[in-house]
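Listed below are the residues making up each chain.
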Amino acid sequence: MSGEFYSGKQVAGFVTFLVLGTVLGLGAYQAGGRLAGTGGGAEVSAAAAPSTPNGQALYAGNCAGCHGAKAEGGLGPGLVHTAAWASAEFAHAVLDGQSPQGRELGTVMPRFRQTGLDGAPATDAQIAAIQAYVQTLK
Ligand code: HEC
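Residues numbered from 1 in each chain as written. Predicted model: local features only at pLDDT ≥ 70, side-chain atom pairs only at ≥ 80, totals over all residues. Heavy atoms only, no water.

Draft legend 1. A look at the coordination of the iron atom of the ligand. Those protein atoms acting as donors to the iron atom of the ligand are His67 (NE2) and Met109 (SD), and they sit at 1.9 to 2.1 Å. Coordination at the iron atom of the ligand is octahedral: its 6 donor atoms span angles of 85 to 178° at the metal. Remark: Met109 occurs in the loop between α5 (87–96) and α6 (112–115) and His67 occurs in helix α4 (residues 64–67); sequence separation between them is 42 residues. Look at His67 and you get buried, because its relative accessible area is 9%. Since its relative accessible area comes to 19%, Met109 is described here as buried. (Donors = N, O, S within 2.8 Å, 3.2 Å for Na, K, Ca; no water. Tetrahedral: all angles 85-135°; square planar, octahedral: opposite > 155°, others 65-115°. Helix = DSSP H or I, 4+ residues; strand = E, 2+ residues; numbered from the N terminus. Buried < 20%, exposed > 50% of the residue type's maximum accessible area, 1.4 Å probe, protein only.)

Structure follows, in structure tokens:
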């Protein structure tokens, strides 16, 4: 009985554990900082989505593949004329596939009410942001 509660080996082991944990933790912290600073664009814009949807990014990610980068048309029709539609008409077409004339759009055009624009249900603000972006493409 020497009064020692921990042997030298135990103390050394504990100190090693502490140092390793600190190094690993710092590394993870720095890696996280780098990701947030540069790579995490999707996360950042998703986090900002509720207040300020980015119409250009939403259009590029969801519409440009079929309607063209400048809404000039492609697989789908050009959309420049839809910039003049009432916002409710535009939303009805994008969300439900119904044209202002009451025509059911072909099924190639997604029903974004179901699919959403960024993994979450589409919001009015997102649709409005997309139409506002299309209005810049005249
Ligand atoms: C997979 C291809 C595809 C994608 C993606 C797509 N569309 Fe379409 N879209 C179409 C096709 C094809 C039509 C024509 C359907 C028809 O006339 O029956 C169409 C029609 C439309 C119309 C009606 C145009 C008119 O004059 O009647 C609007 C508005 C529209 N799309 C907006 C959008 C928006 C906004 C997005 C992105 C959020 C989008 N589309 C994504 C293929 C697509």
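Draft legend 2. Layout of the site of the ligand. Every one of the 23 residues lining the ligand counts as a neighbour, but Cys63, Cys66, His67, Gly106 and Met109 are closest to it. Within the side chain of His81, a nitrogen or oxygen atom sits 2.6 Å from an oxygen atom of the ligand. Tallied by class, residues from the shell around the ligand come to 16 nonpolar, 6 polar and 1 charged. (Near = heavy atom within 4 Å. Polar contact = N/O pair within 3.5 Å; in protein donor to acceptor, adjacent residues only side chain to side chain. Nonpolar A, V, L, I, M, F, W, Y, C, P; charged D, E, K, R; others polar.)

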